[in-house]
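For reference, the chains in residue letters:
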Amino acid sequence: MYKIGFDNDRYKSMQSERIRERISEFGGKLYLEFGGKLFDDYHASRVLPGFQPDSKLQMLLKLKDEAEVVIVISAQDIEKSKLRGDLGITYDDDVVRLIGEFTEIGLMVGSVVLTKYAPSAKVEAFESRLNKMGYKVYHHYVISGYPSNISKIVSDSGYGKNDYIETTRKLVVVTAPGPGSGKMATCLSQLYHEHKRGIKAGYAKFETFPIWNIPLKHPVNIAYEAATADLNDVNMIDPWHLEAYGKTTVNYNRDVEIFPVLKAIFDRIYGECPYKSPTDMGVNMAGNCIIDDEACCEASKQEIIRRYLDAKIAAAKDDRRNDEYYEIELLMNQAGISEEDRATVGAARERAKNTGAPAAAIELADGTVLTGKTSELLGCCSSSLLNALKYLAGIDDEIILINPEVIKPVQQLKLGYLGSKNPRLHTDETLLALSISAVTDENAAKAMAELKNLKNCEMHSTVMLSNVDTSVLKKIGIRITCDAKSQ
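Everything numeric here is computed off the predicted structure, so don't read it as measured data.

### Details of the overall build of the protein
Argument step 1. Scanning the protein for helices and strands turns up 20 helices and 14 strands.
Argument step 2. The C-alpha atoms of the protein give 25 Å as radius of gyration, which agrees with the globular expectation for 487 residues (23 Å, within 12%).
Argument step 3. Projected onto its principal axes, the C-alpha positions of the protein cover 75 × 55 × 45 Å.
Argument step 4. Per-residue burial over the protein gives 52% buried out of 487 residues.
Argument step 5. Considering only contacts within the protein whose residues lie at least 6 apart along the sequence, 67% involve residues at least 24 apart.
Argument step 6. For the protein, the computed accessible surface area is about 21500 Å², with 50% contributed by carbon and sulfur atoms.
Argument step 7. Positive and negative side-chain charges of the protein, numbering 60 and 68 respectively, have mean locations separated by a distance of 3 Å.

### Brief notes about the packing of aromatic side chains
Argument step 1. For the structure on display, the rule yields 15 aromatic pairs.
Argument step 2. An angle of 70 degrees between the planes, with centres 6.0 Å apart, marks the rings of Phe 26 and Tyr 275 as edge-to-face. Of the two residues, Phe 26 sits in the loop between α1 (8-25) and β1 (30-34) while Tyr 275 sits in the loop between α11 (253-270) and α12 (278-281), which places them 249 residues apart along the sequence.
Argument step 3. Given the relative accessible area of 5%, Tyr 275 is considered buried.
Argument step 4. With 6.3 Å between their ring centres and 50 degrees between their planes, Tyr 159 and Tyr 192 make a pair best called tilted. Of this pair, Tyr 159 sits in the loop between α7 (150-153) and β7 (171-175) while Tyr 192 is found in helix α8 (residues 183-196), placing the two residues 33 residues apart along the sequence.

### Here we look at the pattern of salt bridges
A pair can form between side chains of opposite charge whenever their charged atoms are brought close.
Argument step 1. If you walk through the whole model with that rule in mind, you get 34 salt bridges.
Argument step 2. For Lys 3, the salt bridge goes to Asp 292, with nearest N and O atoms at 3.8 Å. With Lys 3 in the segment before α1 and Asp 292 in the loop between α12 and α13 (293-317), the pair connects residues that are 289 residues apart, well separated along the chain.
Argument step 3. Taken together, the shared-partner salt bridges in this structure form one network comprising Arg 46, Glu 303, Arg 306, Arg 307, Arg 342, Glu 458 and Arg 479.

### Section: the layout of surface pockets
Argument step 1. By volume, the second largest pocket is sized at about 440 Å³.
Argument step 2. In terms of lining, the second largest pocket is formed by 19 residues, of which the most central are Leu 378, Ser 383, Asn 387, Lys 390 and Ile 400.
Argument step 3. Among the elements of the structure, β12 (369-373), α16 (380-393) and α17 (404-416) are those that each provide at least two residues to the lining of the second largest pocket.
Argument step 4. Among the elements that make up the lining of the second largest pocket, the one with the highest residue count is α16 (four residues).
Argument step 5. Here the lining of the second largest pocket is built from residues that sort into nine nonpolar, five polar and five charged.

### So, a nonpolar patch on the surface
Argument step 1. A contiguous nonpolar patch, built from Leu 413, Tyr 417 and Leu 418 and spanning about 380 Å² of accessible area, is present on the exposed surface.
Argument step 2. For Leu 413, the location among the structural elements is in helix α17.

### Concerning the nonpolar core
Argument step 1. If you look at the biggest cluster of nonpolar residues, it comprises 102 residues, and the most contacted ones within it are Ile 19, Leu 48, Leu 60, Ile 71, Phe 102, Leu 171 and Ile 265.
Argument step 2. Here this core gets seven residues from one element, more than from any other, and that element is α13.
Argument step 3. If we skip the residues at most four places from it in the chain, Ile 71 touches Val 95, Leu 98, Ile 99, Phe 102, Val 109, Ser 111, Val 112, Val 113 and Thr 175.
Argument step 4. Listed in part, the 34 residues of the second largest apolar core include Ile 313, Leu 385, Leu 386 and Ala 388.

### Here we look at a negative patch on the surface
Argument step 1. On the surface, Asp 293, Glu 294, Glu 298 and Asp 341 cluster together into a negatively charged patch.
Argument step 2. Along the chain, Asp 341 turns up in the loop between α14 (322-335) and α15 (343-355).
Argument step 3. Given a relative accessible area of 40%, Asp 341 falls into the partly exposed group.

### Considerations on the side chain of Thr 427
Argument step 1. If you trace the backbone, Thr 427 turns up in helix α18 (residues 427-437).
Argument step 2. Excluding residues that lie within four positions of it along the chain, Thr 427 makes contacts with Cys 381, Ser 382, Leu 385, Val 468, Asp 469, Val 472 and Leu 473.

### Side note on the sheet that holds β12
Argument step 1. The strand order β12-β11-β13-β14 describes an open sheet built from four strands, whose pairing is mixed. Looking at the sheet topology across the chains shown, the edges are occupied by β12 and β14 (479-482). Strand-to-strand twist in this sheet, taken as the mean axis angle between neighbours without regard to direction, amounts to 20 degrees.
Argument step 2. Pairing of strand β13 (residues 458-461) with β14, which is carried by four bridges, proceeds in the parallel orientation. Within β14, the residue paired with His 460 across the bridge is Thr 481.
Argument step 3. Most of the contacts of α15 go to strand β11 (residues 359-363), to which it runs at about 150 degrees, and overall it touches β11, β12 and β13.

### A word on the sheet that holds strand β6 (residues 136-139)
Argument step 1. Read across the sheet, six strands follow the order β6-β5-β2-β7-β1-β8 without closing on themselves; strand pairing throughout is parallel. Looking at strand neighbours, the two that pair on one side only are β6 and β8 (202-206), the edges of this open sheet. Adjacent strand axes in the sheet meet at a mean angle of 25 degrees when their direction is disregarded.
Argument step 2. Note that β1 and β8 share five bridges and pair parallel. Each residue of the ladder has a partner; that of Phe 34, found in β8, is Phe 206.
Argument step 3. Lying over the sheet, helix α5 (residues 91-104) contacts β2 (67-74), β5 (108-115) and β7, oriented at roughly 170 degrees with respect to β2.

The rules behind the values
- Residues numbered from 1 in each chain as written.
- Predicted model: local features only at pLDDT ≥ 70, side-chain atom pairs only at ≥ 80, totals over all residues.
- Heavy atoms only, no water.
- Helix = DSSP H or I, 4+ residues; strand = E, 2+ residues; numbered from the N terminus.
- Rg over C-alpha atoms; globule rule 2.2 N^0.38 Å.
- Buried < 20%, exposed > 50% of the residue type's maximum accessible area, 1.4 Å probe, protein only.
- Contact = heavy atoms within 4.5 Å.
- Areas by Shrake-Rupley, 256 points an atom, 1.4 Å probe, with all protein chains shown as cover.
- Lys, Arg positive; Asp, Glu negative; His and termini not counted.
- Charge placed at Lys NZ, Arg CZ, Asp CG, Glu CD.
- Phe/Tyr/Trp six-rings, centres within 6.5 Å; stacked < 30°, edge-to-face > 60°.
- Salt bridge = Lys/Arg side-chain N within 4 Å of Asp/Glu carboxyl O.
- 1 Å grid on protein atoms, 1.4 Å probe; cavity = no way out; pocket = protein on both sides within 12 Å on 5 of 7 lines; lining within 4 Å.
- Points joined across faces, edges and corners; volume = space filled by probe spheres on them.
- Nonpolar A, V, L, I, M, F, W, Y, C, P; charged D, E, K, R; others polar.
- Patch = residues over 30% accessible without salt bridge, like charges linked within 9 Å, V, L, I, M, F, W, Y side chains within 5 Å.
- Core = buried A, V, L, I, M, F, W, Y, C linked by side-chain atoms within 4.5 Å.
- Pairing = 2+ DSSP bridges.
- Axes fitted to C-alpha atoms, helices over the stretch in contact; angles between N-to-C directions.

Right under this line is the structure:
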């Protein structure tokens, strides 16, 4: 059942105000390392129901006259053609996409930084592409002994060797296509250069997760560990904050481990570190905007189960992914949940057991669970999708929405001309057939009108789905999981 647990408007207001406060604390210039996704943050919207995927972007728009964006990308990632798994595009193509997205909504993109720079044909071609678009490109280099050789790092042969990034606004948002791009190093390099020029500037970090002011083992924070199991991120109590203030806060291992280095770098640049803990560096206000903790807990538990089922499939396909699967299994135990706590799992498996064929189940926003079976005409997900639309539209279950005579020509096309071995309609084909039927059938038209109400619904299939089915269901807004079985 879908329940709102997060106040999105409060978040946008509180978050933008907190960043303004941090800018003033440093005398009017702040480099803000933006961790995670600046927009399309679907993980946050799943575990904090009410959080909108573009919330952080909308928050920044409140500061757009004071902010400029610097996008960071590692030259090594360009050379390796590294992909963004969620979008299926290379990091360099994503930089171009981000530039377009930011400028279209009114955010100023000041420049792009190539970190770990070394010239190569791919890197130079990308730089040329950006230059033709009218964007400045700066080079930052690998520093030998990084991050432990502080005297080398904070020197003219360390940060001093990097290009100085020219910025004009008081808030410089440093973001990247993905992790490991060098955002933090870019911010610290700029602090060194600004200090040499007599400009007082500060650094802060904006990470949505883990949320620092909720318990370590809160399901929201456990869900973050599940989401980053492939990175070996571990949530932990911030020992620096506990020692300095006697208060328990949550951070994650990489920030805790790197803090002594950051403190030493700040000491070198400013003579004294402005922060006493990794938590101090953050500006995240998400924890203050949870309005229904129970709803967020339940949403996070469901996210952990989804991650577990996805990891189970990944491990079945590639045993090099076993560690990720085992890690999330441990997190399931910590959260006190199992697969069966996902209502659609048990319902789909029971229907499959009774019919002897693949089955699917969908849970609607009101908690109603409906199932669908595999037939000669439809796959199980197509069947459950139509059953859900009939329920939402108040159409009797016995009524046929798509005339079999409409389906048969589609099957003939698939088998006779398109080389398919599966005569059953996938979800995209089912929806096309339904939309055609809607022209002359009032019930089909009523069912089509309910598609929008499937957003945030849960679905489970007892067999792995095709990429087509998975893609269509995600576009509708349905959160799909599958058993690790082939059809």
